[in-house]
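Here are the chains, one letter per residue:
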Amino acid sequence: MKIGYVQTNPLFGEKDTNFEQVNGLLEGMKADLLVLPELFATGYAFISKTEVESLAEEIDGPTFQFLKKQSQKTEAVLIGGFAERDGDKIYNSAMIVSKNKLIGVYRKIHLYYKEKEWFSPGNKTPEVFNVKGVNIGVMICFDWFFPETIRTLALQGSEIIAHPSNLVLPYCQKAMQTRCLVNRVYAITSNRIGREKRGNDDFIFTGGSQITSYNGEILSSSQNNDINVAFVEIDIEKARDKHLNPYNNIFEDRRPEFYKL
Ligand code: ACM
């Protein structure tokens, strides 16, 4: 199975330019699963609620139309972040698109910094999407900070974690090695690069998109200044077998009766 990420440098508020950047990067590419960054079409550093409202979309909006076309072109399942409008609420979400179909939407449950001013927190348990016979769990950026997120996805059967991101802290890539090892899942962290200096904020996005293996190995890693697409071939069966050795099955060996939740 061929999986990958797209590392981009979105321009704030310039949806068409940002779509064009991804379109160019995916020219001639074929894969099974591709992950794009968080909020890849809008940019990140909102400075007012009005601004978020004007860039947010319904689930069948321009981002869905764009991902649908890219999914047809690449034959891949595509997962990318967008600002989702649902009634009077706006969520920091990611959609999963396969060919002509919207497979599902995940709403970020752990909001970072001023995201709390712009977005409503996700209101559903992170779920697993079965696409092309593979179980895919989705979390967005800062969700990594809470090990419960990936655990919830792994215990529900996720084999690959799609992780659209706009990382500004330097810790995630290393942490994902442990997250993947202790859950025996693959993860695709698709991060952006560049800088957004808006209002009182100055964000420098750390790039370093990464594909992490079920055993904690890094299979692919990008620089912090590259706009690129990277792929690896994985054996999904490895993420289905939760044995560490003949004695230890990391899920069967859990002792929930001793965990204080
Ligand atoms: C983040 O969650 N975008 C830092």
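Residues numbered from 1 in each chain as written. Predicted model: local features only at pLDDT ≥ 70, side-chain atom pairs only at ≥ 80, totals over all residues. Heavy atoms only, no water.

(A) Looking closely at helix H1 (residues 15-25). Taken together, the buried positions of H1 are occupied by Lys-15, Asn-18, Phe-19, Val-22, Asn-23 and Leu-25. For H1, the buried positions fall inside an angular range of 165° around the axis, keeping them on one side. Counted as exposed and oriented over 90 degrees from the buried face of H1: Asp-16 and Glu-20. In this structure, the buried residues of H1 make contact with strand E1 (2-7), helix H2 (49-55), helix H3 (62-74) and strand E14 (228-233). (Buried < 20%, exposed > 50% of the residue type's maximum accessible area, 1.4 Å probe, protein only. Helix = DSSP H or I, 4+ residues; strand = E, 2+ residues; numbered from the N terminus. Arc of directions from axis to C-beta. Contact = heavy atoms within 4.5 Å.)

(B) Structural detail: the nonpolar core. Ile-3, Leu-33, Ile-79, Val-138, Ile-160 and Ile-188 are the most contacted members of the largest nonpolar core, which has 42 residues in total. The element contributing the most residues to this core is helix H6 (residues 172-183), with 4 residues. Those residues in contact with Leu-33 that sit more than four places away from it in its chain are Met-1, Lys-2, Ile-3, Gly-4, Ala-76, Val-77, Ile-79, Ile-136, Ile-160 and Ile-188. (Core = buried A, V, L, I, M, F, W, Y, C linked by side-chain atoms within 4.5 Å.)

(C) Quick look at the pattern of salt bridges. A full pass over the atoms with the stated rule returns 15 salt bridges. One salt bridge connects Glu-75 with Lys-30, and the closest N-O pair in it is separated by 3.7 Å. Here Lys-30 lies in the loop between H1 and strand E2 (33-35) and Glu-75 lies in the loop between H3 and strand E3 (77-86), a separation of 45 residues in the sequence. Its salt-bridge partner being Asp-202, residue Arg-195 comes within 2.5 Å of it at the nearest N-O pair. (Salt bridge = Lys/Arg side-chain N within 4 Å of Asp/Glu carboxyl O.)

(D) View of a nonpolar patch on the surface. A cluster of nonpolar side chains, namely Phe-258, Tyr-259 and Leu-261, defines an oily patch on the protein surface of about 450 Å² accessible area. As for its placement among the helices and strands, Leu-261 is situated in the segment after helix H7 (237-240). (Patch = residues over 30% accessible without salt bridge, like charges linked within 9 Å, V, L, I, M, F, W, Y side chains within 5 Å. Areas by Shrake-Rupley, 256 points an atom, 1.4 Å probe, with all protein chains shown as cover.)

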